[in-house]
Amino acid sequence: MMKKQYILLAIILALTLSGLYAQDRKTPGTAHDNVFYPEVYEVYKNIGVQMKYVPVGDYTASSLYYRNTAGDLRQGQEAESVQHVGISTRGLYRGKKIMFFGGIDIRKEYMDDQGWGLSYGGLRDGVMEDPHYLAVARPANWSNQYYELGGGFTLPVIADRLDVSLEAEYDAFNKYRTDLDPRTEVTYNRLHFKTTVGYTFLEKHQLSAGGALGYFHVSNSAKFNNNGANIPYNYDRYIRWVTGYGTMANSASHAIKRRNTHWSVVAGYSYQDTGWRLLCQFRYSGSRTDTFKDNSDDRYASENIYGIYHTDEMENNLMLLRFPDQDRAFKVHLSGIRRQGDNFLTAKDGKNYTMEQTKLGLGASLIRYRDTRIRYDTGMTLTYLGVQQQDRLSQTATDNSLLHAQLYFLKDYILNNSMILTPGIKGGYRHTLDNMLANGSASYLGHITESDYAGLALKRFYEDVVYHDHEIWSQNVWLAGAGVDLRFREIRNFDLTLRIRTEVQQAVQTGMQRWTTGIAVVLDY
């Protein structure tokens, strides 16, 4: 089994490295030194075979980066501050017949004051990725290491008619709660494969379809330096199962595992002409995550399953690109994602938690070049996000929605023959549309005795997470950001860019803030 895994990793690494060698980035349509084309690139990459027509030049970009996010405008299960230090490489290369694309990202993450989560998943658009997880109220610091690599290729099977794309991804991380009991270790491994087929007709039209299959495995353990502290009396550090959004249970083991399988099917259409591109995409995906009561080697016996989480997701993309001439491009992008999750507890023999997320986006942007210099790159987006959760055991339900508008602008300034300065700004505003919380546990939480340690832990969860998140979702928030790139061109056959970014979000009602700053050094070769 281990030998097969190493062979698969070698194949993925070969695909990735094949896409990291590129030539001649001195043409409009680069996917790393602007905002316009990276967004185009990411949409095309959703269906690999459509990459054949992506209007982006070959490139290779490697970066060493640092990013820090901190502030009190955060949900109850987010860390007070998060720092990332990493190195990444991405590339696109067209051979005579075959196209390679891929990327590698390796980063170290440091989280300060992270509470109410001892498991692998974090927040995704305001909701925990998995609704049952080990947790303690006492916040602590984490030290995490991530490895992500993926690559693919597109090649013709029948010239000018039939193309096929194959892709593979491998992700792994280790997370450690470092300074306070319980000391947690989480190990995650994910393998994912995708394939798509495209048929071109009437020279300018392509129909595509395909699918993907993957799995991940998680092992999760927690230890105490002071075993005597792991008693219900210490309810802020006594490990509990959170099994929804307002329900808790005792954990029989501090070492558990999870097994996930996920799949998807895709279909697409693209049209390409000298001055136009039209892209239509549809994706339907599903997943099942089994959480086991312990980490014993019982080959995943079904009777050892604690909970099962099913998700279904549907995504649509419609993107129109217009190229009036070789120096200008205009883009309109419509997107929609609907995600639903249902959690089942085997002991209760039924569904205890449901979640629905809806995300709709509309964006328009324009870029104009003069030779290889960006005269301007500007655009705006409007995003709707709706999130509903219902915990049937605790009779707790939330219904939140918001509208987020954002715009950006950047421009190149030539300082001399070898230096280009690119300043940019962005701004935005997030407006709350709906903010509802129904709490069926309110009466119980108001009459908890000092000896009811389970009740005290649950009350702390409501105070730190449920009530706090309700307040965060109620806030209207403005955003402002600025950045600058200083690019040195043609230094021993590569370009070097120093990139600096800063962003602040502030709640209108309370003044709570969240800052993000970052710096990177990018090599383009």
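Look up a bit, the structure's there.
First, a word on what this report is: a plain description of the structure on this page. (Residues numbered from 1 in each chain as written. Predicted model: local features only at pLDDT ≥ 70, side-chain atom pairs only at ≥ 80, totals over all residues. Heavy atoms only, no water.)

## Topic: the pairing of strand β24 (residues 513-524)
Along any regular strand the residues' side chains alternate between the sheet's two faces.
Thought 1: Across 11 bridges, strand β1 (residues 59-71) lies against β24 in antiparallel orientation. Bridge pairing links L64 to V521 in β24.
Thought 2: Note that strand β23 (residues 494-507) and β24 share 12 bridges and pair antiparallel. Bridge assignment links I500 to a residue of β24, and that residue is I519.
Thought 3: Where β23 hands over to β24, the hairpin turn is made up of five residues, of which G511 adopts a positive phi near 80°. (Pairing = 2+ DSSP bridges. Helix = DSSP H or I, 4+ residues; strand = E, 2+ residues; numbered from the N terminus.)

## Section: empty space enclosed by the protein
Thought 1: The full count for this structure, using the stated rule, is four cavities of 30 Å³ or more.
Thought 2: The volume enclosed by the second largest cavity comes to roughly 90 Å³.
Thought 3: Lining of the second largest cavity is provided by 14 residues; of these, Y245, Q389, T398, N400 and W473 occupy positions nearest its centre.
Thought 4: At the level of secondary structure, the elements contributing two or more residues to the lining of the second largest cavity comprise β18 (373-391), β19 (396-410), β21 (419-439) and α4 (453-474). (1 Å grid on protein atoms, 1.4 Å probe; cavity = no way out; pocket = protein on both sides within 12 Å on 5 of 7 lines; lining within 4 Å. Points joined across faces, edges and corners; volume = space filled by probe spheres on them.)

## Details of a nonpolar patch on the surface
Thought 1: Nonpolar side chains collect at one region of the surface, where L64, Y66, V85, I87, I106, Y110, Y147, L498, I500, I519 and V521 lie side by side and expose about 870 Å² of accessible area between them.
Thought 2: Locating L64 in the fold gives a position in strand β1.
Thought 3: Judged by its relative accessible area of 51%, L64 falls in the exposed class. (Patch = residues over 30% accessible without salt bridge, like charges linked within 9 Å, V, L, I, M, F, W, Y side chains within 5 Å. Areas by Shrake-Rupley, 256 points an atom, 1.4 Å probe, with all protein chains shown as cover. Salt bridge = Lys/Arg side-chain N within 4 Å of Asp/Glu carboxyl O. Buried < 20%, exposed > 50% of the residue type's maximum accessible area, 1.4 Å probe, protein only.)

## Here's the deal with the sheet that holds strand β12 (residues 248-250)
Thought 1: If you trace the three strands from one edge of the open sheet to the other, you get β6-β11-β12, paired in antiparallel fashion. Looking at the sheet topology across the chains shown, the edges are occupied by β6 (132-135) and β12. Here the average twist between neighbouring strands, direction ignored, is 30°.
Thought 2: Pairing of strand β11 (residues 240-243) with β12 involves three bridges; the strand directions are antiparallel. In the strand pairing of β12, W241 is matched with A249. (Axes fitted to C-alpha atoms, helices over the stretch in contact; angles between N-to-C directions.)

## Focus on the pairing of strand β14 (residues 276-292)
Thought 1: Examined bridge by bridge, strand β13 (residues 255-272) and β14 share 15 bridges and lie antiparallel to one another. The residue of β14 that forms the bridge with S264 is S285.
Thought 2: The antiparallel hairpin formed by β13 and β14 contains three residues in its connecting segment.
Thought 3: As judged from the 17 bridges shared by β14 and strand β15 (residues 305-325), these two strands associate in the antiparallel manner. When the bridges of β15 are listed, F282 appears paired with N316.

## Quick notes on the pattern of salt bridges
Thought 1: Enumeration according to the criterion identifies 29 salt bridges in this entry.
Thought 2: Between R338 and E356 there is a salt bridge, and its shortest N-O distance comes to 3.6 Å. Of this pair, R338 sits in strand β16 (residues 328-345) while E356 sits in strand β17 (residues 350-370), placing them 18 residues apart in sequence.
Thought 3: Among the charged side chains, a salt-bridge network with shared partners connects R124, R283, E313, E315 and R339.

## A closer look at α4
Thought 1: Relative to the 32 Å expected for 22 residues at 1.5 Å per residue, α4 spans 31 Å between its end C-alpha atoms, a close match to the ideal helical length.
Thought 2: Of all the bends in α4, the greatest, near 40°, is centred on Y462.
Thought 3: Among the residues making up α4, those that are buried are G455, L456, A457, L458, F461, Y462, V465, V466, D469, I472 and W473. (Expected span 1.5 Å × (residues − 1). Bend = angle between axes of the 7 residues up to and from the residue.)

## Re unusual backbone geometry
Thought 1: Along the chain, D181 connects to P182 via a cis peptide bond; the corresponding omega equals -5°.
Thought 2: The topology assignment puts P182 in the loop between β8 (162-177) and β9 (183-201).
Thought 3: Backbone geometry places D160, a non-glycine residue, at a positive phi of 65°.
Thought 4: Looking at the secondary structure, you find D160 in the loop between β7 (140-158) and β8.
Thought 5: Although it is not a glycine, Q395 adopts a positive phi angle of roughly 55°.
Thought 6: Within the fold, Q395 resides in the loop between β18 and β19.
Thought 7: By relative accessible area, which is 56% here, Q395 ends up exposed.

## Section: the side chain of S119
Thought 1: Here S119 lies in the loop between β3 (99-114) and β4 (123-124).
Thought 2: For S119, a relative accessible area of 7% corresponds to the buried category.
Thought 3: Here N220 takes part through its side chain, which lies 3.2 Å from a polar atom of the side chain of S119.
Thought 4: A distance of 3.4 Å separates polar atoms of two side chains, one belonging to S119 and the other to R258.
Thought 5: Residues within four places of S119 in sequence aside, it is in contact with Y133, L134, K175, V186, N220 and R258. (Polar contact = N/O pair within 3.5 Å; in protein donor to acceptor, adjacent residues only side chain to side chain. Contact = heavy atoms within 4.5 Å.)

## Looking at the environment of E167
Thought 1: Note that E167 resides in strand β8.
Thought 2: Along the backbone, E167 and V242 are 75 residues apart, and their C-alpha atoms lie at a distance of 36 Å.
Thought 3: Dropping the residues within four chain positions of it, E167 is found in contact with K45, G48, F101, G151, G152, H192, F193 and K194.

## Side note on helix α2 (residues 36-44)
Thought 1: For α2, the tally of buried residues reaches seven of nine residues, placing the bulk of the element in the interior.
Thought 2: Within the sequence span of α2, burial applies to F36, Y37, P38, V40, Y41, V43 and Y44.

## Concerning the side chain of Q145
Thought 1: Residue placement: Q145 occurs in strand β7.
Thought 2: In this structure Q145 comes out as buried when scored by relative accessible area, which is 19%.
Thought 3: In terms of polar contacts, Q145 uses its side chain to reach the backbone carbonyl oxygen of R107, at 3.2 Å.
Thought 4: If near-sequence neighbours (up to four positions away) are discounted, Q145 is found in contact with I106, R107, K108, A172, F173 and N174.

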